[in-house]
Amino acid sequence: MASVKPVVVYPPAADGGRRVRVDDQFLGIAYGLLDVAEFLRRAGIEDADEAYAAASGLIEWRGGDSGTWGTDPV
């Protein structure tokens, strides 16, 4: 099933990074909201910052919300 939101942030990998995709284009691995904001700026959302990335309705957060980075310690 395809996402109805244009930006998808995938679940964290073992190193804490999360893949970021806009439409069908892979933008990179984000290690925090600052990275997500930078990817959004490169995709044309010039005023994107960390607060925008955390609250934007354009982003589908998979495997956790905007505060989920890395894995929980065991």
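Residues numbered from 1 in each chain as written. Predicted model: local features only at pLDDT ≥ 70, side-chain atom pairs only at ≥ 80, totals over all residues. Heavy atoms only, no water.

Novice: I'd love a proper account of the pattern of salt bridges, names of residues and values included.
Specialist: Applying the stated rule across the entire model yields 3 salt bridges. For Glu38, the salt bridge is made with Arg41, and the minimal N-O distance between the two is 2.7 Å. With Glu38 and Arg41 both in helix 1 (residues 33–42), this residue pair falls 3 residues apart, about one helical turn. A relative accessible area of 28% places Glu38 in the partly exposed class. Arg41 sits in the partly exposed class, given a relative accessible area of 30%. The partner of Arg42 in a salt bridge is Glu38, with the nearest N and O atoms 3.1 Å apart. Taken together, the positions of Arg42 and Glu38, both in helix 1 and 4 residues apart, correspond to about one turn of that helix. One connected set of salt bridges, linked through shared partners, spans Glu38, Arg41 and Arg42. (Salt bridge = Lys/Arg side-chain N within 4 Å of Asp/Glu carboxyl O. Helix = DSSP H or I, 4+ residues; strand = E, 2+ residues; numbered from the N terminus. Buried < 20%, exposed > 50% of the residue type's maximum accessible area, 1.4 Å probe, protein only.)

Novice: Report on the environment of Leu33, specifying residues and quantitative values.
Specialist: Turning to its location among the elements, Leu33 is positioned in helix 1. Spatially, the C-alpha atom of Leu33 lies 9.9 Å from that of Thr68, the residues being 35 residues apart in sequence. The residues touching Leu33, leaving out its near neighbours within four places in the chain, are Glu50, Ala53, Ala54, Trp61, Ser66 and Trp69. (Contact = heavy atoms within 4.5 Å.)

Novice: Break down the sheet that holds strand 3 (residues 25–30) for me, citing the residues and quoting the values.
Specialist: If you walk across this open sheet you meet the 4 strands as 3-2-1-4, and the pairing is mixed. The open sheet has two edge strands, strand 3 and strand 4 (59–61), and neither has a second partner. With direction set aside, neighbouring strand axes in the sheet form an average angle of 20 degrees. Bridge count for strand 1 (residues 7–9) against strand 4 is 3 bridges, and the pairing is parallel. When the sheet's bridge partners are listed, Val7 is paired in strand 4 with Ile59. Across the face of the sheet, helix 1 comes into contact with strand 1, strand 2 (18–22), strand 3 and strand 4 while running at roughly 155 degrees to strand 3. (Pairing = 2+ DSSP bridges. Axes fitted to C-alpha atoms, helices over the stretch in contact; angles between N-to-C directions.)

Purely spatial values, then, with no claim about function.
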